Amino acid sequence: NGSEIEYSDWSPIRSFIIDNSGVTDIKNTTIKPKEFIVEQNYPNPFNPSTVIKYIIPENSFVSVKIYNLLGKEVAALVSENKVSGTHKTMWNGTDNYGKQVSSGTYIYKVVTESNTASMKMILIK
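Rules used throughout
- Residues numbered from 1 in each chain as written.
- Predicted model: local features only at pLDDT ≥ 70, side-chain atom pairs only at ≥ 80, totals over all residues.
- Heavy atoms only, no water.
- Salt bridge = Lys/Arg side-chain N within 4 Å of Asp/Glu carboxyl O.
- Buried < 20%, exposed > 50% of the residue type's maximum accessible area, 1.4 Å probe, protein only.
- Phe/Tyr/Trp six-rings, centres within 6.5 Å; stacked < 30°, edge-to-face > 60°.
- Helix = DSSP H or I, 4+ residues; strand = E, 2+ residues; numbered from the N terminus.
- Pairing = 2+ DSSP bridges.
- Axes fitted to C-alpha atoms, helices over the stretch in contact; angles between N-to-C directions.

**Notes on the pattern of salt bridges**
Logical step 1: Scanning the entire structure with this criterion turns up two salt bridges.
Logical step 2: The shortest N-O distance in the salt bridge between Lys65 and Glu73 comes to 3.4 Å.
Logical step 3: When its relative accessible area of 31% is taken as the criterion, Glu73 is described as partly exposed.
Logical step 4: Residue Lys82 is joined to Glu80 by a salt bridge in which the shortest nitrogen-to-oxygen separation is 3.0 Å.

**A few points about the packing of aromatic side chains**
Logical step 1: Considering all chains together, one arrives at two aromatic pairs under this definition.
Logical step 2: Note on Trp91 and Tyr106: the rings are 5.4 Å apart at their centroids and 70 degrees apart in plane angle, and the pair reads as edge-to-face. Here Trp91, found in strand β7 (residues 85–91), pairs with Tyr106, found in strand β8 (residues 104–111); they are 15 residues apart in sequence, far enough to count as distant. For the pair shown, Trp91 and Tyr106 are each scored as buried.

**Some words on the sheet that holds strand β5 (residues 60–67)**
The pairing of strands in a sheet happens through backbone hydrogen bonds and is either parallel or antiparallel.
Logical step 1: If you walk across this open sheet you meet the four strands as β6-β5-β8-β9, and the pairing is antiparallel. Sheet topology places β6 (73–82) and β9 (116–123) at the edges, where each strand pairs with a single neighbour. For this sheet, the mean inter-axis angle between neighbouring strands, taken without regard to orientation, is 15 degrees.
Logical step 2: Where β5 meets β8, five bridges bridge the pair, whose relative direction is antiparallel. By the bridge assignment, Ile66 is partnered in β8 with Tyr108.

Written as structure tokens, this is what we have:
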């Protein structure tokens, strides 16, 4: 079976079996998140960029958009299918046309097929 017996002066058993499949093998396990979480962006307040982190419990189409306080879309950061797990996206304070936006409070909204969350962030120049 490919196993060998080794001896050790540091073990009370004094012998152990080494399996050639790998003593330090780690089974390929995936921990699936149980809930939808959108974290506070960091840093906040920010200049010149910030990171938005979110966790999705199942594979889903994900949209991450930035809005001003009037509800107008400023930037679309993510619009694609994502696998279950933790994801990050960065916003550099520019709009959909690459123009730098002004200082102020903005809302980021993360939408999946079954969940939605919005949070405030502050851009300071």
